[in-house]
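# Observations on the model geometry
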Amino acid sequence: MASLPSPDLRDGPHGPIGVLVCGHGSRNRLAVAEFAQLARGLQALLPAVPVDYGYLEFARPILRDGLEALRARGVSHVLAVPAMLFAAGHAKNDIPSVLNTYAAETGLRIDYGRELGVDLKMIQAAGARIREALEQAGDAVPLHDTLLVVVGRGSSDPDANSNVAKVTRMLVEGLGFGWGETVYSGVTFPLVEPGLRHVVRLGYRRVVVFPYFLFSGVLVSRIQQHTDRVAQDHPDVEFVKASYLADHPLVLDTFVERVAEVVREDSNMNCSLCKYRAQVLGFETEVGAPQHSHHHHVEGLTDGCDLCERECTGACQPDGVPIPLGGHAHNHDHGSGHSHDHGHHHPPYPHADHPLGPRTLRPGGAT
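Residues numbered from 1 in each chain as written. Predicted model: local features only at pLDDT ≥ 70, side-chain atom pairs only at ≥ 80, totals over all residues. Heavy atoms only, no water.

## Here's the deal with the confidence of the model for the protein
For the protein, mean pLDDT is 82; residues scoring 70 or higher make up 73% of the total. Contacts for the low-pLDDT stretch residues 318-345, under 50 throughout, to residues beyond four places or in other chains number 72 contacts. (pLDDT = per-residue confidence, 0-100. Contact = heavy atoms within 4.5 Å.)

## Details of the nonpolar core
Core analysis: the biggest nonpolar cluster contains 56 residues, and V21, F210, Y212 and L245 have the highest contact counts within it. What Y212 contacts, discounting residues up to four positions off in sequence, is L85, F86, G117, M122, A126, V150, V151, V167 and L245. Counting 22 residues, the second-largest nonpolar core is a separate cluster that includes V149, L196, F213 and V237. (Core = buried A, V, L, I, M, F, W, Y, C linked by side-chain atoms within 4.5 Å. Buried < 20%, exposed > 50% of the residue type's maximum accessible area, 1.4 Å probe, protein only.)

## Structural notes on the packing of helix α2 (residues 63-72) against helix α3 (residues 89-106)
Contact geometry for α2 and α3: axes closest at 10 Å, N-to-C directions at 45°. Taken together, the axis directions place α2 and α3 in an arrangement best described as oblique. Relative to α3, the crossing made by α2 is right-handed. Between α2, through L63, R64, L67, E68 and R71, and α3, the contact on the second element is made entirely by I95, V98, L99, T101, Y102, E105 and T106. Looking at side-chain class alone, the contact of α2 with α3 contains six nonpolar, two polar and four charged residues. (Axes fitted to C-alpha atoms, helices over the stretch in contact; angles between N-to-C directions. Helix = DSSP H or I, 4+ residues; strand = E, 2+ residues; numbered from the N terminus. Parallel < 35°, antiparallel > 145°, perpendicular 65-115°, else oblique. Left-handed = near helix turned anticlockwise from the far one by under 90°. Nonpolar A, V, L, I, M, F, W, Y, C, P; charged D, E, K, R; others polar.)

## Examining helix α1 (residues 29-45)
Between its first and last C-alpha, α1 extends 25 Å over 17 residues, near the 24 Å set by a 1.5 Å rise per residue. Regarding α1, the residues found buried are L30, A31, E34, F35, A36, L38, A39, G41, L42 and L45. Buried residues belonging to α1 abut β1 (17-23), β2 (51-55) and α8 (249-263). (Expected span 1.5 Å × (residues − 1).)

## What to know about the sheet that holds strand β5 (residues 146-152)
The strands that make up a sheet pair up through hydrogen bonds in the backbone, lying either parallel or antiparallel. An order of β6-β5-β7-β8 is seen for the four strands of this open sheet, with the pairing classed as parallel. Taken across any chain shown, the strands that pair with only one partner, and hence form the sheet edges, are β6 (179-184) and β8 (238-241). Pairs of neighbouring strands in the sheet enclose a mean axial angle of 20°, with direction left out of account. Inspection of the sheet shows β5 paired to β6 by six bridges, in the parallel sense. What sits directly across from G152, in β6, is Y184. Contacts from helix α5 (residues 158-175) reach β5, β6 and β7 (206-211), with the element oriented near 155° to β6. (Pairing = 2+ DSSP bridges.)

Rendered as structure tokens:
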């Protein structure tokens, strides 16, 4: 599969150029290794410039470390791209806050790119992962008797959530599935298990569950566990679990295009439905919310989870509530409402008590 030609990254008016890949970070060792592998793949596609990476939290190098490494290599102009599928709070607030603070402190020129987004190459990469799963499952069940379930990360930003639904439709119509549904791993609704329990009522012989995620981690493991739970209760339905995106060549090509957009000064986000700028139904109070990072308290923490050998089993979050970090009172649940217990608060998600949403992850919650 041919990759895109590298963008013209010759030194410009701001001096030598470098690329920073901005990630969220994870306590899961496999997820961190996969992110590093993606950065190495991007470096291979951009041989003319140094490429480095950093995380918001729970892993090193942090974003500031990545920026320092680029400066040590003579870079004076950084093209920063968020390793985020969609633009929610991390891409819109947290990463820009860190980058802006560092630029103000050091004078380093940092230009910020946009998220991967709803992109033809990303749809094609997702389609490839789904086809791989179908080939392994065999052709005993035709596509018109198969239902596709796409699992998104889940966010308190309805614009990001709606983009997952668009990906679902593109895949369902593009591949010819009988039906398609969108569920989410956290924060919003419907969550995986209650969503799948509704899906089986539609009567399809086969259900393909595809996590639209870049990397492994506790959320992907939880998706698999909840799929298995529903499958055990419905032995007459075949459940097929597709792999997440990882460093598929078309994902890497999309990152190259995002870098090229920054070079062309053509990386504006589509903000028409952004809850921080528009009166989005149900989220009106968040218009004009200040841009700042929520991640300083866990920036650079490196006590990775050792409950699993390599691949995450979700043992650290049996009910969606993580085990605290080394005795530190820390309720940092990215799966059941994105709650933090360390002195700051996100705006409350308006539908946190939805019967198909976050409350189903709590002990004794609805199923």
